[in-house]
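Understanding the architecture of this molecule
Spelled out from the first residue to the last, the chains are:
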Amino acid sequence: MTAKGGAAPSPGGAGAAAGTGRFFTVGLVTAWYSSNIGVLLLNKYLLSNYGFKYPIFLTMCHMSACALLSYAAIAWLRVVPMQLVRSRVQLAKIAALSLVFCGSVVSGNVSLRYLPVSFNQAVGATTPFFTAVFAYIMTVKRESWVTYLTLVPVVTGVIIASGGEPSFHLFGFIMCIGATAARALKTVLQGILLSSEGEKLNSMNLLLYMAPIAVIFLLPATIFMEDNVVGVTIQLAKKDFTIVWLLLFNSCLAYFVNLTNFLVTKHTSALTLQVLGNAKGAVAVVVSIMIFRNPVSITGMLGYTLTVIGVILYSESKKRSNKP
């Protein structure tokens, strides 16, 4: 019996609610994986297989969709409360982050023109190494020697994978390293520039402000570096309208990568997110090899495996060092 004659909660109702919650979480994770891997594979298809050789314009399409859909999600659908920019200084900081973000995405898209997705993911897995380097240089934040030691297999694995990659391309490799370093730099910069309580923004609001600024940066770059890209796209559309649908779908997918990442972060634990993040790269590698049939070597796969093991050890070491 319960106090004051209240009815006891139904075990069946609690079980149903828990089941619904698990189903919702699985759905979110599936959407997160699908959007992440989908946009990666579609970028590869457009830039390499389809022959749409305009990575800056493609990135600008992504950022335009992110700007419009972010506003719709926050202002109209109220997915999260809107956070306002409080000062010009804060806006300047967001613009600096947006510039680094542009560099990361453009470099990553350029690399996909020359490298298979499997190798692209292997190089991208070295993000913790660059994060640790930038954190040390910019904040003089030192990790434990064990944490630094775990970065050895991360870097060694990529060196081995590079030597065993049948489709290795030096320029594509440099662009991929640049994209990975810029992604790590953005993370460190975000922690420095938006560290005060009055300036902190959640990832959805940060995207709302960064995306339109990114479009402003990318527009002149597209005009000067990718000659007559709009005219070429129109001509392609006249021959095959599929290109328009591919660009629209790809751009919307780029936004859903950010949306699902935010929702998965919100509805799962940090440990679950860490495990899922480590597994996502491996799933992307397997799926890309099945779709694009790019040649892989045993040496390359061993190198990638070593890198993933290093990333897992690094994450575990960071988690333990952050415990009080």
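Placed above this text is the structure.
First, a word on scope: everything that follows refers to the structure included in this document. In this text the structure is predicted, and so the values were computed from the model without any measurement. (Residues numbered from 1 in each chain as written. Predicted model: local features only at pLDDT ≥ 70, side-chain atom pairs only at ≥ 80, totals over all residues. Heavy atoms only, no water.)

**Section: empty space enclosed by the protein**
Inspection of every chain in the model, using the stated rule, returns one cavity of 30 Å³ or more. Forming the walls of the largest cavity are 13 residues, and the residues nearest its centre are S118, F119, E165, G300 and M301. Contributing elements (two or more residues each) for the lining of the largest cavity: helix 4 (117-124) and helix 12 (298-321). Across the lining of the largest cavity, the residue classes tally to eight nonpolar, four polar and one charged. (1 Å grid on protein atoms, 1.4 Å probe; cavity = no way out; pocket = protein on both sides within 12 Å on 5 of 7 lines; lining within 4 Å. Points joined across faces, edges and corners; volume = space filled by probe spheres on them. Helix = DSSP H or I, 4+ residues; strand = E, 2+ residues; numbered from the N terminus. Nonpolar A, V, L, I, M, F, W, Y, C, P; charged D, E, K, R; others polar.)

**What to know about unusual backbone geometry**
A positive phi is found at R78, a non-glycine position, where the angle reads about 55°. Mapped onto the secondary structure, R78 falls in the loop between helix 2 (55-76) and helix 3 (88-114). Despite not being glycine, N228 has its phi angle at roughly 55°, a positive value. Tracing the backbone through its elements, the reader meets N228 in the loop between helix 8 (203-225) and helix 9 (229-239).

**Brief notes about the packing of aromatic side chains**
Taken as a whole, this structure holds twelve aromatic pairs when the rule is applied. A centroid spacing of 6.0 Å and a plane angle of 20° characterise the contact between F119 and F173, whose relative ring orientation is stacked. Here F119, found in helix 4, pairs with F173, found in helix 7 (residues 170-193); they are 54 residues apart in sequence, far enough to count as distant. The exposure class assigned to F119 is buried, which follows from its relative accessible area of 2%. Between the aromatic rings of F241 and W245, the centroid separation amounts to 5.8 Å while the plane-to-plane angle is 75°, which identifies the pairing as edge-to-face. For F241, a relative accessible area of 47% puts it in the partly exposed group. Judged by relative accessible area, which is 55%, W245 ranks as exposed. Among the aromatic residues, those joined into a ring-pair cluster are F52, Y54 and F57. One Lys or Arg, K186, reaches over the ring of F101 and ends 5.8 Å from the middle of that ring. (Phe/Tyr/Trp six-rings, centres within 6.5 Å; stacked < 30°, edge-to-face > 60°. Buried < 20%, exposed > 50% of the residue type's maximum accessible area, 1.4 Å probe, protein only. Lys NZ or Arg CZ within 6 Å of the ring centre and 35° of its normal.)

**A look at helix 7**
With 24 residues, helix 7 should cover 34 Å at 1.5 Å per step; its first-to-last C-alpha distance of 34 Å lies within 8% of that length. Turning to helix 7, its buried residues number three or more, namely G172, F173, C176, A179, T180, A181, A182, A184, K186, V188, L189 and L193. Tucked inside the fold, the buried residues of helix 7 contact helix 3, helix 4, helix 5 (127-139), helix 6 (145-163) and helix 8. (Expected span 1.5 Å × (residues − 1). Contact = heavy atoms within 4.5 Å.)

**A few points about a nonpolar patch on the surface**
A grouping of Y71, W76, L77, V79, M82 and L84 is seen on the molecular surface, where their side chains present a nonpolar patch of about 680 Å² in accessible area. Position of M82 among the secondary structure elements: in the loop between helix 2 and helix 3. Note on M82: relative accessible area 38%, which makes it partly exposed. (Patch = residues over 30% accessible without salt bridge, like charges linked within 9 Å, V, L, I, M, F, W, Y side chains within 5 Å. Areas by Shrake-Rupley, 256 points an atom, 1.4 Å probe, with all protein chains shown as cover. Salt bridge = Lys/Arg side-chain N within 4 Å of Asp/Glu carboxyl O.)

**As for the packing of helix 4 against helix 7**
Where helix 4 contacts helix 7, the axes come no closer than 9 Å and their chain directions differ by 40°. Here helix 4 lies oblique to helix 7, going by the angle between them. Along this stretch, helix 4 crosses helix 7, giving a crossing that reads as right-handed. Along the contact surface, helix 4 presents F119, N120, V123 and G124, while helix 7 presents F173, C176, I177, T180 and R183. The residue inventory of the contact of helix 4 with helix 7, partitioned by class, reads five nonpolar, three polar and one charged. (Axes fitted to C-alpha atoms, helices over the stretch in contact; angles between N-to-C directions. Parallel < 35°, antiparallel > 145°, perpendicular 65-115°, else oblique. Left-handed = near helix turned anticlockwise from the far one by under 90°.)

**Details of the layout of surface pockets**
It is a probe the size of a water molecule, rolled over the atoms, that shows where empty space is left. Within this model, the second largest pocket holds a volume of roughly 170 Å³. Of all the elements in the fold, those that place two or more residues in the lining of the second largest pocket are helix 3 and helix 8. Examining the composition of the lining of the second largest pocket, we find that five residues originate from one element, helix 3, more than from any other. Taken together, the residues that form the lining of the second largest pocket break down as nine nonpolar, one polar and one charged.

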